[in-house]
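Commentary on secondary and tertiary structure
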Amino acid sequence: MTENRHAAIVAAALDCIVSIDGQGRVIEFNRSAQETFGYSSEEVIGQPMVDLIVPEEFREPHRKGFARHLATGQKSVMDQRIEIVAQRKGGEVFPVELTVTRSDHGPEPIFTAWVRDISERHAQEAEIKETSGRLSALITNLGSGVLVESADRRVALANRELCEIFRLPVEPQDLIGTDCQAAAEALTGLFPSGDFLVRIDEILERGEVVRGEELPLADGRTLERDFVPAYVQDELAGRLWIYRDVTDRVQAAADLVEMRDAALEASHTKSRFLATMSHELRTPLTGFTGLIDLLRQEDLPLEARNIVRMMDESAEHMLSVIGDILDISKIEAGMMEFSAAPFVPRDEIAQSISLFAARAEQKGLVFTADLGDDELARPVLADVVRIRQIVQNLVSNAVKFTDEGQITIRGELDPVPADDSERRLIVRVVDTGIGLAPDELATLFDPFIQGEGAYARQGGGTGLGLAICQRLAHLLDGEVSVTSEKGVGSEFTMLVPVKTTTTEDVAQVIPSGEPTSSATGDGRRVAVVEDSAINREVISRLVE
């Protein structure tokens, strides 16, 4: 090789090439060496190498070793690749990979060192080691059984939790290299069926991520499994299996379901009991109110008439309370029956609110109804009984809680876009009563809520009326809403869906010109079917 070619190769080499003579002086220092150590060629040629690139604490051992080699030919580092440290011009010590060769073709030996800066590699190895340590600590303390298998289904990593979950009497490191298929087959006795291996084969065939898959064990425990395939550059590198013992969680969830079912059953039992008792209470009270009606027909002294009037008011209040309890109980027990029938909204709304006109007049209130919407005269199909109940409750509340000013009832039938056969019946009850504060509005539709202060004192009752209205509306796929301001008044809105129908359907329900009363007044006999003797007596007296 010519000198020019040799010089070109040395200059272009990526590794540092440093040559010294038998005195240890630098005779060659290529471009990579200059860039790595920070010296120019002029600074180092002819200078002792040991004073330039060997850290100070290693210089004396280097001199002794170099002299010993020259004297005895002993090769301690010659012709082998080793890792040591070197020093840059600025004093920075860094790791290098070193290979030294000797040439004896001249008058004195020449030593050439091939030096590679491995700082970056060491940093990467340190980072990998740190990451591996963190990963190992994480897997060890994860609280889940971890199994990492290689692409050829050999155990690459396992932790102690995995051994404990599957009752394996070995250390985790003893599993390394084990055939995963054989290990799975050995575990089939832990499972109540043979699906364990079948499911593993399915997961491996699909190669998709699995999360939170529950596995019941024969000993009553429940495991949860995750599976994640690992790919490197689109090549399968391995698989991660994670197993967790979720027995306590599954049992807690089952206990909660059992408690919920028991609570629901208790609630339904209570509701059925209240519904039955309310019905049983209503029967004798009906007889009681009938007897009061009979007394009012007698020629009684003034004081006795006042007593009968108060008895009548108390009985009516009691019937109202029992009616509310019966309704809310039926709703909660799922016993409330609904039946759609054709009706004319304007007629039903007018009839419902007319019941409260006299009472509003007694209080000096302006009581008006805006039912001019022509659509309200159009027959519709819905549960008129429940709609009437909601409207009457809202109007009754308005009269009850308004001492001065006015009450206005507005009705309209809104079309629902894209479906003219279904409409929305909207009734708004607006009053200038005592109004409600925002905190009262938040709980207004809860059962047994009557508001606070003047609202509760003035209203009385059970606090069930609005709760019943809201629930009835929801069961009709509608709603009851409210806007209110303390001291100004309130606006309650009922919105329920109805179906359009025909006038002929309404006529079939209430034939025109036919009497709706069973009283004939022509002396014919009437059969009274009633299981209460008192009620039979009352009815007999009333029809005489």
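This report concerns the structure included in the present document. These figures come from a predicted structure and were not determined experimentally.

1. Observations concerning the overall build of the protein chain
- Regarding its fold elements, the protein chain presents 19 helices and 17 strands.
- Here the protein chain holds 544 residues, and 36% of them are scored as buried.

2. A few points about a nonpolar patch on the surface
- Taken together, the side chains of F58, V85 and V93 present a nonpolar region at the surface, about 230 Å² in accessible area.
- Counting through the fold element by element, F58 comes out in helix α5 (residues 56-72).

3. Some words on the packing of helix α12 (residues 345-354) against helix α14 (residues 384-400)
- Contact geometry for α12 and α14: axes closest at 9 Å, N-to-C directions at 40 degrees. Here α12 lies oblique to α14, going by the angle between them. The handedness of the crossing between α12 and α14 comes out as right-handed. Side by side, α12 and α14 meet where E348, S352 and I353 of the first sit next to V384, R388, V391, Q392 and V395 of the second.
- The class makeup of the residues in the contact of α12 with α14 is four nonpolar, two polar and two charged.

4. Observations concerning α5
- Under the 1.5 Å per step criterion, the end-to-end length of α5 is 25 Å for 17 residues, consistent within 8% with the ideal 24 Å.
- All buried positions along α5 are accounted for by R59, G65, F66 and H69.
- Here the buried face of α5 lies against β1 (16-20), α4 (50-53), β3 (81-87), β4 (93-103) and β5 (110-117).
- Positioned one or two residues after α5, G73 has a phi angle of 80 degrees, which is positive.

5. Here we look at the sheet that holds strand β9 (residues 222-232)
- The strand order β7-β6-β10-β9-β8 describes an open sheet built from five strands, whose pairing is antiparallel. Only two strands of the sheet have a single neighbouring strand rather than two, namely β7 (155-158) and β8 (210-216). Between one strand and the next, the sheet's axes are offset by a mean angle of 20 degrees, whatever the strand orientation.
- Here six bridges tie strand β6 (residues 145-150) to strand β10 (residues 235-245), and the two strands are oriented antiparallel to one another. Bridge pairing in β10 links E149 to R239.
- Helix α9 (residues 195-206) contacts β6, β8, β9 and β10 of the sheet and is inclined by roughly 30 degrees relative to β9.

6. With respect to the pattern of salt bridges
- Tallied over the entire structure, the rule returns 33 salt bridges.
- For D21, the salt bridge goes to R25, with nearest N and O atoms at 3.5 Å.
- Using a relative accessible area of 37% as the deciding quantity, one classes R25 as partly exposed.
- R244 serves as the salt-bridge partner of E224, at 2.9 Å between the closest nitrogen and oxygen.

7. Comments concerning the nonpolar core
- If you look at the biggest cluster of nonpolar residues, it comprises 44 residues, and the most contacted ones within it are I387, I390, L425 and M494.
- For this core, the element with the most residues is α14, which contributes eight residues.
- Once you skip the residues sitting within four places of it in the chain, L425 turns out to touch F343, P345, I349, L376, I387, E412, L413, M494, L495, V496 and V498.
- Listed in part, the 25 residues of the second largest apolar core include L52, M78, I82 and F111.

8. Some remarks on the environment of S314
- Topologically, S314 is positioned in helix α11 (residues 302-333).
- On the basis of relative accessible area, S314 is assigned to the partly exposed category, the value being 49%.

9. Considerations on the packing of α14 against helix α17 (residues 465-475)
- Remark: α14 packs on α17, axes separated minimally by 10 Å, with the N-to-C direction vectors making an angle of 145 degrees. The handedness of the crossing between α14 and α17 comes out as left-handed. Facing α14, whose interface residues are R386, Q389, I390, N393, L394 and N397, α17 presents G465, L466, I468, C469, L472 and A473.
- A per-class count over the contact of α14 with α17 returns seven nonpolar, four polar and one charged.

10. Re α14
- Over its 17 residues, α14 runs 24 Å from end to end, which matches the ideal 24 Å to within 8%, given 1.5 Å per residue.
- Of all 17 residues making up α14, twelve are buried, and the element is well covered by its neighbours.
- Residues V384, R386, I387, I390, V391, N393, L394, V395, S396, N397, A398 and V399 constitute the buried set of α14.
- Two to three positions downstream of the cap, the backbone nitrogen of V385 sits 3.3 Å from a side-chain oxygen, assigning the N-cap of α14 to D383.

Definitions and limits used
Residues numbered from 1 in each chain as written. Predicted model: local features only at pLDDT ≥ 70, side-chain atom pairs only at ≥ 80, totals over all residues. Heavy atoms only, no water. Helix = DSSP H or I, 4+ residues; strand = E, 2+ residues; numbered from the N terminus. Buried < 20%, exposed > 50% of the residue type's maximum accessible area, 1.4 Å probe, protein only. Patch = residues over 30% accessible without salt bridge, like charges linked within 9 Å, V, L, I, M, F, W, Y side chains within 5 Å. Areas by Shrake-Rupley, 256 points an atom, 1.4 Å probe, with all protein chains shown as cover. Salt bridge = Lys/Arg side-chain N within 4 Å of Asp/Glu carboxyl O. Axes fitted to C-alpha atoms, helices over the stretch in contact; angles between N-to-C directions. Parallel < 35°, antiparallel > 145°, perpendicular 65-115°, else oblique. Left-handed = near helix turned anticlockwise from the far one by under 90°. Contact = heavy atoms within 4.5 Å. Nonpolar A, V, L, I, M, F, W, Y, C, P; charged D, E, K, R; others polar. Expected span 1.5 Å × (residues − 1). Pairing = 2+ DSSP bridges. Core = buried A, V, L, I, M, F, W, Y, C linked by side-chain atoms within 4.5 Å. Polar contact = N/O pair within 3.5 Å; in protein donor to acceptor, adjacent residues only side chain to side chain.

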